[in-house]
Amino acid sequence: MNTPLRVLIHGASGRMGQALLRLAAEAPDAWRIVAAVTGRSPAQRVVDGVPFFAAAELAGVPEFDVAIDFSLPAGFDPMLALCVARGRPLVSGTTGLEPAQRQALAAAGERIPLLWASNFSVGVAVLDELVERAARALPGWDCDIVGEHLVQFAGQGERVELVHRATSRDIFARGALHAATVLAQRPPGLHTMRGLLFGAD
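Presented here is a report on the structure given in the accompanying data block. The structure presented is a predicted model; accordingly, all values stated were derived computationally and were not measured. (Residues numbered from 1 in each chain as written. Predicted model: local features only at pLDDT ≥ 70, side-chain atom pairs only at ≥ 80, totals over all residues. Heavy atoms only, no water.)

**With respect to the sheet that holds strand S7 (residues 113-116)**
Here's step 1: What the eight strands build is an open sheet, ordered S3-S4-S2-S1-S5-S6-S7-S11; its pairing is mixed. Looking at strand neighbours, the two that pair on one side only are strand S3 (46-47) and strand S11 (189-191), the edges of this open sheet.
Here's step 2: As paired elements, S3 and strand S4 (residues 50-54) share two bridges and run antiparallel to each other. Considered in S4, the bridge of Val-47 is made with Val-50.
Here's step 3: Strands S7 and S11 of the sheet are contacted by helix H3 (residues 99-108), whose axis makes an angle of about 145 degrees with S7.
Here's step 4: Of the strands in this sheet, strand S1 (5-10), strand S2 (31-38), strand S5 (66-69), strand S6 (90-92), S7 and S11 touch helix H5 (residues 170-183), which is tilted by about 155 degrees from S6. (Pairing = 2+ DSSP bridges. Helix = DSSP H or I, 4+ residues; strand = E, 2+ residues; numbered from the N terminus. Contact = heavy atoms within 4.5 Å. Axes fitted to C-alpha atoms, helices over the stretch in contact; angles between N-to-C directions.)

**Overview of the packing of aromatic side chains**
Here's step 1: A complete count under the given rule lists one aromatic pair for this structure.
Here's step 2: On the numbers, 5.4 Å between centres and 65 degrees between planes, the contact of Phe-70 with Phe-120 is edge-to-face. Placement of the pair is Phe-70 in the loop between S5 and helix H2 (73-86) and Phe-120 in the loop between S7 and helix H4 (122-137), with a sequence separation of 50 residues.
Here's step 3: Judged by its relative accessible area of 16%, Phe-70 falls in the buried class.
Here's step 4: The aromatic ring of Trp-116 is capped on one face by Arg-102, whose charged end is 4.5 Å from the ring centroid. (Phe/Tyr/Trp six-rings, centres within 6.5 Å; stacked < 30°, edge-to-face > 60°. Buried < 20%, exposed > 50% of the residue type's maximum accessible area, 1.4 Å probe, protein only. Lys NZ or Arg CZ within 6 Å of the ring centre and 35° of its normal.)

This is the structure we're talking about:
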């Protein structure tokens, strides 16, 4: 039996954080949440066996194998610094980062495995890969990208369509947990969802 991956969730009180906590609890053989970090002091210190910490207590969290961050830009810097200090991988979907934070992310990628993405859907990562392959196979065809992640390649008298539709926010949480599992085995560097799935990193 494999040892569950020890996961820290930063931004645990948000919608993604809550989804991550719920999905990880459904697969205790795969993931064990060792710390759930929230912006404010938690109302309860332990919920369903998961220890909760305030962001101000980040330095005191227990050891973890990988951190998943869906917080706010103001909380991103301490989380990145903690992962670098402990030599642990970081999966982050925090949006709205400032240019200096993106530079810090790039610099940290020289020391730890990192994945920042705005979309953690495994299906969208596969769609991106298929679109790139289709574009190579269909030179000269027009590509028109419109809503719902629909990609159309139009040729003379024919059309090829690739589409992805999300039906639940859980797909993003599942994708982040999957990314955390794979990233924990990767060397330092800035990784992508496509790279983790297709080995393109």
